[in-house]
Amino acid sequence: MESVVKIASYICQRYLQEYGERIDEMKLHKLLYFTQRECIIQTGKPMFDEPFSAWKFGPVVVSIRQLYKADALHDLPTDDVIDQYKPVFDKVFEQYAPKSSLSLSNLSHSDYSWQHARGTAGRDERCDTYLDIHDIEKDAERIKMRRFMLRKLREIEEKEVVA
C-alpha cells in the first residue's frame, strides 16, 4: 500500500503543473477518492489504506485536510510508484481533474459507498462515518461493468457502420 500523503502530494503537484494553479481542497479529496476507486478498477486493489469520511460534499480523508490547510503536501512518491500507477493517475486526470469541485462532489454522491456510509444523515447533517472499502469495491465493479458495456456498444455500432 502507498502512503495517502504521498498520493495527495502527487495529485497536488500534478494539478499545479497541468493547470497552473493550486488545487482546491474539495477537488483534492474528490480526486483522491476517484484515484482510489480507479486503482481498484484497474488493479483489483486499493492504492492506500486511509479511510474516507462521508462528509456532506462527498468523501474526505481527514488527515489530508489538515495537511492541505498547512500547505504541507510536498512528500512525493518515488518515480517507481508514479510509473506503477501512471494509468490510474492518467485516467483520473483525464476524466475528473477538468471538472469543477461541485461536479465532482455530485458525482461522488451517486456512489453507493458514500450513500451507504451517510445512512440516514440528512443532506446538511455532519457525518463522520467511514466509507467501507468493500462498498468502494462495489462502486468500482459497477464502473468497470459500465465501461465494458460501453466498449461493446461502440464495437456493435462500428460493425453496423461498416456493414
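Relevant structure appears above.
Residues numbered from 1 in each chain as written. Predicted model: local features only at pLDDT ≥ 70, side-chain atom pairs only at ≥ 80, totals over all residues. Heavy atoms only, no water.

Here we take up the environment of H116. Examined against the element boundaries, H116 turns out to sit in helix α7 (residues 112–118). Since its relative accessible area comes to 46%, H116 is described here as partly exposed. For the pair formed by H116 and Y15, sequence separation is 101 residues and the distance between their alpha carbons is 30 Å. (Helix = DSSP H or I, 4+ residues; strand = E, 2+ residues; numbered from the N terminus. Buried < 20%, exposed > 50% of the residue type's maximum accessible area, 1.4 Å probe, protein only.)

Buried together is how nonpolar side chains tend to be arranged in soluble globular proteins. Counting 41 residues, the largest nonpolar core has L28 and L32 as its most contacted members. Listing elements by their share of this core, those giving two or more residues are α1 (4–19), α2 (25–43), α3 (62–69), α4 (79–84), α5 (86–95), α7 and α8 (133–162). Top contributing element to this core by residue count: α2, with 8 residues. Not counting chain neighbours up to four residues away, the residues in contact with L32 comprise V4, I7, A8, I11, F48, F52, V61 and I64. (Core = buried A, V, L, I, M, F, W, Y, C linked by side-chain atoms within 4.5 Å. Contact = heavy atoms within 4.5 Å.)

What the rule picks out here adds up to 7 aromatic pairs. Seen in terms of ring centroids, Y33 and F34 are 5.3 Å apart; in terms of plane orientation they differ by 65°. Their pairing is edge-to-face. You'll find Y33 and F34 in the same group, each marked buried. Looking at R22, its charged tip hangs above the ring of Y68, at a distance of 3.9 Å from the centre. (Phe/Tyr/Trp six-rings, centres within 6.5 Å; stacked < 30°, edge-to-face > 60°. Lys NZ or Arg CZ within 6 Å of the ring centre and 35° of its normal.)

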